[in-house]
Amino acid sequence: MTVYSDEIGRLYCDAHRQARCDVCMMDFEQINAQQEQQAGLTREDTAAELLAEDESNLRAGLKFMEGNNDRSSENYTFHVTKLKEVIMKKLSMSEAELEQFRVRLEKCDGKKRSNYAALSSAASKVVGPSGGGRVEMDDNFLKALGELKGNMTTGVKGEELGDKLKCSWCRKVAGTEKFSKCSRCRKVYYCGKECQTKAWKGHKKVCRRPAGDAPKRKKLSLTWEQLEAYGMGIPADGKFIELTVIKDETLMRGMRQVMGCRDRDGITKRIACYNNDQSLAGFEIGKTFKWKSPRFHYFMDGSSGARVEEKDVVNISIR
């Protein structure tokens, strides 16, 4: 049997990628939980939560031994003694600790019930030899055990659990509230900003953007220099220029509107309105002028900039 290790050191059986695999007789759940804590994917268990796991395991052990009429063994006596110790410790817990204990106990017991149900279902699908006897772990048996996926592995806290999500830090299961996903790796979820901040110290060590998923870059506006490179009157198709209106160069009211507009490099040039109205609504100092597929223009007085014609108006927005 070979073992598979992921990027944060969690171990799985290589054949079925299970943290706990009854087929390969491997159980890495405890080791993987420690690796997740070290990587910052989960918080450390509280004393109350650890005690709840002890009680769940002790009761499960006692139930197994009682089913086999093994009440007289030293192991049974040991389990009973330890269970009494757990019960005594519960008496000194605060209300908050008791709530943590209750939640974890329900989770542990529920997981055991789920595992037993899946095992029973898998076993029922295996056709054994008539009259009883051993059953080989053939493909049919392995296929039946496939139902255990998700029940026998700890997984990364925050992964999708059916229709539910679990917070990567506090382990809270999503209810009606909306959980947020890590915007970079998109693999873990958080119930709020506070948990995401606490988890980041460890999570940043393993957080990777999916292959081929480059961050979207904001498209930059053309500068006056870049627009001029297209040549006079040639539209920069698929591009845009965004300018800040900083001065009014219109000679007098009623004449063609001419405004001085500054690009992102700080260069200012003129925009003259040659459309039917000889002006643009809202074309005022302090506004942002955006033009898709703009064209550069040289004016008769030796200045340069852009000339807006009627066909260009639909490609211009001013805010």
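Just so it is clear, the model here is predicted, and its values are computed rather than measured.

Calculation criteria
Residues numbered from 1 in each chain as written. Predicted model: local features only at pLDDT ≥ 70, side-chain atom pairs only at ≥ 80, totals over all residues. Heavy atoms only, no water. Phe/Tyr/Trp six-rings, centres within 6.5 Å; stacked < 30°, edge-to-face > 60°. Buried < 20%, exposed > 50% of the residue type's maximum accessible area, 1.4 Å probe, protein only. Lys NZ or Arg CZ within 6 Å of the ring centre and 35° of its normal. Salt bridge = Lys/Arg side-chain N within 4 Å of Asp/Glu carboxyl O. Helix = DSSP H or I, 4+ residues; strand = E, 2+ residues; numbered from the N terminus. Core = buried A, V, L, I, M, F, W, Y, C linked by side-chain atoms within 4.5 Å. Contact = heavy atoms within 4.5 Å. Polar contact = N/O pair within 3.5 Å; in protein donor to acceptor, adjacent residues only side chain to side chain. Expected span 1.5 Å × (residues − 1). Arc of directions from axis to C-beta.

Q: When you look at the packing of aromatic side chains in this model, what are you seeing that I'm missing?
A: Two aromatic rings are characterised by how far apart their centres lie and by the angle between their planes. Across all of its chains, the model carries four aromatic pairs by this definition. Between the aromatic rings of phenylalanine 289 and tryptophan 291, the centroid separation amounts to 6.3 Å while the plane-to-plane angle is 90 degrees, which identifies the pairing as edge-to-face. For phenylalanine 289, a relative accessible area of 0% translates into the label buried. Given the relative accessible area of 1%, tryptophan 291 is considered buried. Site record: aromatic cluster; members linked through ring pairs are Trp224, Phe296 and Tyr298. Of note, arginine 256 hangs over the ring of tyrosine 274, and the distance from its end group to the ring centre comes to 3.8 Å. Its guanidinium or amino end placed over the ring of phenylalanine 240, lysine 290 lies 4.6 Å from that ring's centre, counting from NZ or CZ.

Q: What should I look at first to understand the pattern of salt bridges in this one?
A: Pairs can form between side chains of opposite charge whenever their charged atoms are close. Counted by the stated rule, this structure contains 16 salt bridges. A salt bridge links glutamate 309 to arginine 295; the shortest N-O distance between them is 3.9 Å. Placement of the pair is glutamate 309 in the loop between strand 14 (304-308) and strand 15 (316-318) and arginine 295 in the loop between strand 12 (288-292) and strand 13 (297-298), with a sequence separation of 14 residues. By relative accessible area, which is 27% here, glutamate 309 ends up partly exposed. Each of the salt bridges in this network shares a partner with another, and the network as a whole consists of Lys247, Glu249, Arg270 and Asp301.

Q: Can you walk me through the nonpolar core in this structure?
A: Taken as a class, soluble globular proteins show a tendency for nonpolar side chains to be buried jointly. Counting residues in each nonpolar core, the largest one holds 19 residues, and the members touching the most others are Trp224, Cys261, Ile271, Phe283 and Phe289. Elements with a contribution of two residues or more to this core: helix 7 (224-228), strand 9 (240-248), strand 10 (258-262), strand 11 (268-273), strand 12 and strand 14. Considering every element that reaches this core, the biggest residue donor is strand 9, with three residues. If you look at the next biggest cluster of nonpolar residues, it comprises 17 residues, including Ala39, Cys185, Val188 and Val206.

Q: Hey, could you run me through the environment of serine 304 in this one?
A: Considering the arrangement of structural elements, one finds serine 304 in strand 14. Taking relative accessible area as the criterion, serine 304 reaches 13% and is therefore assigned buried. In the structure, serine 304 is positioned 72 residues away from methionine 232 in sequence and 9.7 Å away in space, judged by C-alpha atoms. Residues within four places of serine 304 in sequence aside, it is in contact with Lys269, Arg270, Phe296, His297, Tyr298 and Phe299. Of note is the side chain of serine 304, whose polar atom sits 3.1 Å from the side chain of lysine 269.

Q: Looking at this structure, how should I read helix 3 (residues 74-90)?
A: Owing to its 3.6 residues per turn, the α-helix brings residues three or four apart onto one side. Its 17 residues give helix 3 an end-to-end C-alpha distance of 25 Å, which sits within 8% of 24 Å, the value for a rise of 1.5 Å per residue. Burial in helix 3 covers these residues: Tyr76, His79, Leu83 and Val86. Down the axis of helix 3, the smallest arc covering the buried residues is 80 degrees, so these residues share one side. Facing away from the buried side of helix 3 by over 90 degrees, the exposed positions are Glu74, Lys84 and Met88.

In short, the description is geometric, and any link to function would need to be established separately.
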